[in-house]
Amino acid sequence: MLRPESYAAGSWIAPGEDARAINGPVTGKVIAMAGGKAPDAQAMLDWARNQGGPALRAMGFHDRARMIKALGSYIGERKEELYALNPLTGATRRDGAVDIEGGIGTLFVIASKGRREMPDGQVYIDGGVEQLSRDGSFLGQHICVPLQGVAVHINAFNFPVWGMLEKLAPTLLAGMPAIVKPATQTCYLTEACFRMIIDSGILPEGAVQLVVGGLGDMLDRLDAQDVVSFTGSADTALHLRSTPALMRNSVRFHAEQDSLNATILGPDAKAGTAEFDAFIKEAANEITTKAGQKCTAIRRIIVPADSIAEVSEALMARLSGIAIGDPADETTRMGALASAAQKADVLEKIAAIGAEARVLTGDPEATGANPEGAFLAPTLLQCDDPDAATSVHELEAFGPVSTLMPYRDLAHAARIANRGGGSLVASLVTADPQVARSVALESAAWHGRLYIVGGANAKAGTGHGAPMPHMVHGGPGRAGGGEELGGVRGALHYMQRTAIQGSPDVLSAITGQWVAGAAETKGPQHPFQRTFDEIEIGETLHTDSREVTLEDIEHFATFTGDTFYAHMDEAAAQANPFFPGRVAHGYLLLSFAAGLFVQPDPGPVLANTGLNGLSFQKPVSPGDSVRVRLTCARKTRRTDSYGEVAWNVTLYNQDAEQVAQYELLTMVSYTR
């Protein structure tokens, strides 16, 4: 008998006397006791706000990213312990991989995104500097900083591991502590993974807590610095959103809820094409994976009217071969629904949809599996008049159920897909980019993600129902109107965007990055002879000048082959509205700039690895001279032996006019 525990304010709390019995979906027998009296909500909130929050905010984004990566490795080394419990949820090992491997993979992706796309500091810069005064002494900058409250994660039963980790990763990267509340039906698997997190000792005290069972009055105690992230039904989301404290305090509420996702077969994807085969395979996979218990599963299959017979025949043939039974059996292709209650709900929805559609696949309860378990057969319905129907566009049977429906043309197909009122994902299988463009323009506003594949890349595709941590997961309208994941975007949901206005020195001090106009310092020696730690933000080198001659321009043109007329033909160059006559190549100026600021001797600088944001402001004519200002703008630790230094490189002419600017990236050793 499993007895999953809560983890509150640093202590494990066993199930209480009034704990709820959890019946397993495979045998129908009790497998766990969970919940009981809710933990002290205020104590949990205080521990998160006073212990976890300050500890996380004291770390930089890269520190938190490394912490998340280490956590992924720790869980990954122990994942077989999670797989051992996975069949109790009704899921096969293949289904469990989506949950367990998917959750671990999400930690790695978010950690990588944090290291590569966020600064090595505590302030995230959103956009460029805004010039708010003529002389540049007063500037504006948008920044994002962690909220100073706690994130309450309320998760669904279908993904007990991924559902927790996909919310935790961006929350921790942002620097916010979290309280995790899993669905009770599968909480024992969540608790097993959560226990690994605590046992690892990787996270600071108070960074995460777990509530098995009810939250008590926790939502009533939240304020403007807190966040609620919810996954579940639209009815439950509405009930939670309506909590007076959440509305009164403008508490952020992210919801991922009901979604009648659709897939469209392009008119070019006829039977016998690679696209048709890919469509059938993907549709069948989405009906049966996790027994259809995925928020992204395909609920409506939209195909050309002249292909509906071939699609229904091919789909039924594929679904008929699905082996249903004990998920611990290696020969089983589809396991059970999460509970008997869930099975009853799906049967009720099938009956309601059946008033507008006919069942093609027979009795959904004829599975051949244990009759005491929550097993259902894959069920395909067909609605011949989707325009007149309503239930197929409003009721989600959260199980192995999907409805086939015909369309007349692409505009009609998009309208049918949009009838779902907003979804997490819609997919399109086509080899025609113009078909893809047409559907995207007609339907993108109604769906959080559009998954478009053809026969050539179907195998490389990640799948209709697979939310990738790189991409946003969420959708408008019925789907909840929220967003999760999306790389760094996911972390920003747990941060406050603030407009900072002040002098260049003020902005530089707040952001930890040099801003044009901020103070410059001069090092004791050439900056390329200084180690990563010795170089200071704002450290600047002003070079001597170099004249650019006509001979330089002609030699560069001959040597490189770049004989564009603006460099070689005086009359043609004068006729160009951008140039006064023959001018120097932009890349010649970059080469001269490097020659002016580079220190040739061996030193801590290891390599030039990039050049960003190159722009030319004023042409340079023969006889003009150029000089360079090289300023350390940003520093980022990359490995144990070297870090990245970003240099602001600005070129000026003899009249002190700016002619070019770019950012130079160099890798610099921590030692000489």
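About the thresholds
Residues numbered from 1 in each chain as written. Predicted model: local features only at pLDDT ≥ 70, side-chain atom pairs only at ≥ 80, totals over all residues. Heavy atoms only, no water. Helix = DSSP H or I, 4+ residues; strand = E, 2+ residues; numbered from the N terminus. Buried < 20%, exposed > 50% of the residue type's maximum accessible area, 1.4 Å probe, protein only. Areas by Shrake-Rupley, 256 points an atom, 1.4 Å probe, with all protein chains shown as cover. Lys, Arg positive; Asp, Glu negative; His and termini not counted. Charge placed at Lys NZ, Arg CZ, Asp CG, Glu CD. Pairing = 2+ DSSP bridges. Axes fitted to C-alpha atoms, helices over the stretch in contact; angles between N-to-C directions. Parallel < 35°, antiparallel > 145°, perpendicular 65-115°, else oblique. Left-handed = near helix turned anticlockwise from the far one by under 90°. Contact = heavy atoms within 4.5 Å. Nonpolar A, V, L, I, M, F, W, Y, C, P; charged D, E, K, R; others polar. Patch = residues over 30% accessible without salt bridge, like charges linked within 9 Å, V, L, I, M, F, W, Y side chains within 5 Å. Salt bridge = Lys/Arg side-chain N within 4 Å of Asp/Glu carboxyl O. Right-handed = clockwise from strand over helix to strand, strands pointing away. Phe/Tyr/Trp six-rings, centres within 6.5 Å; stacked < 30°, edge-to-face > 60°. Lys NZ or Arg CZ within 6 Å of the ring centre and 35° of its normal.

Undergrad: Got a minute to help me understand the overall build of the protein in this structure?
TA: When helices and strands are counted, the protein shows 19 helices and 27 strands. Considering the protein as a whole, with its 672 residues, one finds that 55% of them fall into the buried category. Here the protein displays about 27,200 Å² of accessible surface, and carbon together with sulfur accounts for 51% of that area. Within the protein, the 76 negative side-chain charges are centred at a point lying 3 Å from the centre of the 56 positive side-chain charges.

Undergrad: Could you clarify how one ought to interpret the sheet that holds strand E5 (residues 124-131) in this entry?
TA: Sheets are built from strands that pair by backbone hydrogen bonding, the pairs being arranged parallel or antiparallel. One open sheet accounts for 3 strands, arranged E5-E6-E21; its pairing is antiparallel. The sheet is open, and its two edges are formed by E5 and strand E21 (495-502), each paired on a single side. Here the strands of the sheet are splayed against their neighbours by 20 degrees on average, with no regard to which way each runs. Where E5 lies against strand E6 (residues 139-146), 5 bridges are found, and the strand directions are antiparallel. Its bridge partner being in E6, Ile 125 is matched across the sheet by Ile 143.

Undergrad: Can you help me understand the packing of helix H12 (residues 410-418) against helix H13 (residues 433-443) in this one?
TA: Two quantities define a packed helix pair, namely the angle between the axes and the distance from one axis to the other. At a minimum axis separation of 9 Å, H12 and H13 run at an interaxial angle of 40 degrees. Put simply, H12 runs oblique to H13. Here H12 and H13 pass one another in a crossing that is right-handed. In this structure, H12 contributes Leu 410, Ala 414 and Asn 418 to the contact, and H13 contributes Val 435, Ser 438, Val 439, Glu 442 and Ser 443. Partitioning the contact of H12 with H13 into residue classes produces 4 nonpolar, 3 polar and 1 charged.

Undergrad: Explain the environment of Ile 110 here, please?
TA: Inspection of the secondary structure assignment puts Ile 110 in helix H4 (residues 93-117). For the pair Ile 110 and Pro 469, spaced 359 residues apart in sequence, the C-alpha separation works out to 6.9 Å. When sequence neighbours within four positions are dropped, the list of residues in contact with Ile 110 reads Ala 169, Pro 170, Leu 173, Pro 469 and Gly 487.

Undergrad: Can you walk me through a positive patch on the surface in this structure?
TA: A cluster of basic residues, Arg 94, Lys 281, Arg 318 and Lys 459, forms a positive patch on the protein surface. Within the secondary structure layout, Arg 94 lies in helix H4. By relative accessible area, Arg 94 is classed as partly exposed at 44%.

Undergrad: Would you mind showing me how to read the pattern of salt bridges here?
TA: One side chain can pair with another of opposite charge once the charged atoms of both are near each other. Under the definition given, this model contains 27 salt bridges. The salt bridge involving Glu 5 is made with Arg 195; its shortest N-O contact spans 3.2 Å. With Glu 5 in the segment before strand E1 (6-8) and Arg 195 in helix H6 (residues 187-200), this residue pair connects regions lying 190 residues apart in the sequence. You can call Arg 195 partly exposed: its relative accessible area is 26%. A salt bridge links Asp 126 to Arg 497, with the nearest nitrogen and oxygen atoms 2.6 Å apart. Of this pair, Asp 126 sits in strand E5 while Arg 497 is found in strand E21, placing the two residues 371 residues apart along the sequence. Taking relative accessible area as the criterion, Asp 126 reaches 26% and is therefore assigned partly exposed. Since its relative accessible area comes to 46%, Arg 497 is described here as partly exposed.

Undergrad: I would appreciate a short explanation of the side chain of Thr 186 in the present structure.
TA: Take Thr 186: it is sitting in the loop between strand E8 (178-181) and H6. Overall, Thr 186 belongs to the buried group, its relative accessible area being 3%. Apart from the residues lying within four places of it in its own chain, the contact partners of Thr 186 are Thr 89, Phe 157 and Pro 160.

Undergrad: Please clarify how unusual backbone geometry should be interpreted in this entry.
TA: Most peptide bonds take the trans configuration, and most residues that are not glycine carry a negative phi. Positive phi is not limited to glycine here, since Ala 9 has a value of about 50 degrees. Residue placement: Ala 9 occurs in the loop between E1 and strand E2 (11-13). Positive phi, close to 55 degrees, is recorded for Lys 290, a residue that is not glycine.

Undergrad: I'm lost on the side chain of Gln 209 in this one. Help?
TA: In this fold, Gln 209 is placed in strand E9 (residues 208-210). Not counting chain neighbours up to four residues away, the residues in contact with Gln 209 comprise Tyr 7, Ala 8, Ala 9, Met 44, Trp 47, Ala 48, Ala 178, Ile 179, Val 180 and Phe 194.

Undergrad: How should I be thinking about the packing of helix H2 (residues 61-76) against H6 in this particular structure?
TA: Between H2 and H6, the shortest axis-to-axis distance is 10 Å and the interhelical angle comes to 120 degrees. Relative to H6, the element H2 is oriented oblique. Between H2 and H6 lies a crossing of right-handed hand. Counted together, Leu 71, Tyr 74 and Ile 75 of H2 and Cys 193, Met 196, Ile 197, Asp 199 and Ser 200 of H6 form the full contact between these two elements. For the contact of H2 with H6, the per-class residue count stands at 6 nonpolar, 1 polar and 1 charged.

Undergrad: Can you walk me through the pairing of strand E17 (residues 426-429) in this structure?
TA: As a general feature of sheets, a regular strand has side chains that alternate between the two faces. Where burial is concerned, the two faces of E17 agree: the one with Ala 426 and Leu 428 and the one with Ser 427 and Val 429 are both buried. As a crossover connection, the stretch from E17 through H13 into strand E18 (residues 450-453) is right-handed.

Undergrad: Is there a simple way to think about the sheet that holds strand E13 (residues 300-304) in this case?
TA: Here 7 strands make up an open sheet; going across it, the order is E14-E15-E16-E13-E12-E17-E18 and the pairing mixed. Since the sheet does not close on itself, it has two edges, and those belong to strand E14 (358-359) and E18, each with one partner. With 4 bridges joining them, E17 and E18 adopt parallel strand pairing. Bridge pairing links Ala 426 to Leu 450 in E18. Packed on one face of the sheet, H12 meets strand E12 (262-265), E13 and strand E16 (401-407) and runs near 150 degrees to E16.

Undergrad: Would you mind showing me how to read the packing of aromatic side chains here?
TA: Pairs of aromatic rings are described using the distance from one ring centre to the other and the angle between the two planes. With the rule as written, the count across this model stands at 11 aromatic pairs. Their ring planes at 85 degrees and their centres at 6.2 Å tell us that Trp 12 and Phe 194 sit as a pair that is edge-to-face. With a gap of 182 residues between them, Trp 12 in strand E2 and Phe 194 in helix H6 connect regions that are remote in the sequence. Of the aromatic side chains, those joined through ring pairs into one cluster are Tyr 7, Trp 12, Trp 47 and Phe 194. In this structure, Arg 78 is placed above the aromatic ring of Tyr 74, and the distance from its NZ or CZ to the ring centre is 3.5 Å. The lysine or arginine in question, Lys 290, covers the ring of Phe 159, its NZ or CZ lying 4.9 Å from the ring centre.

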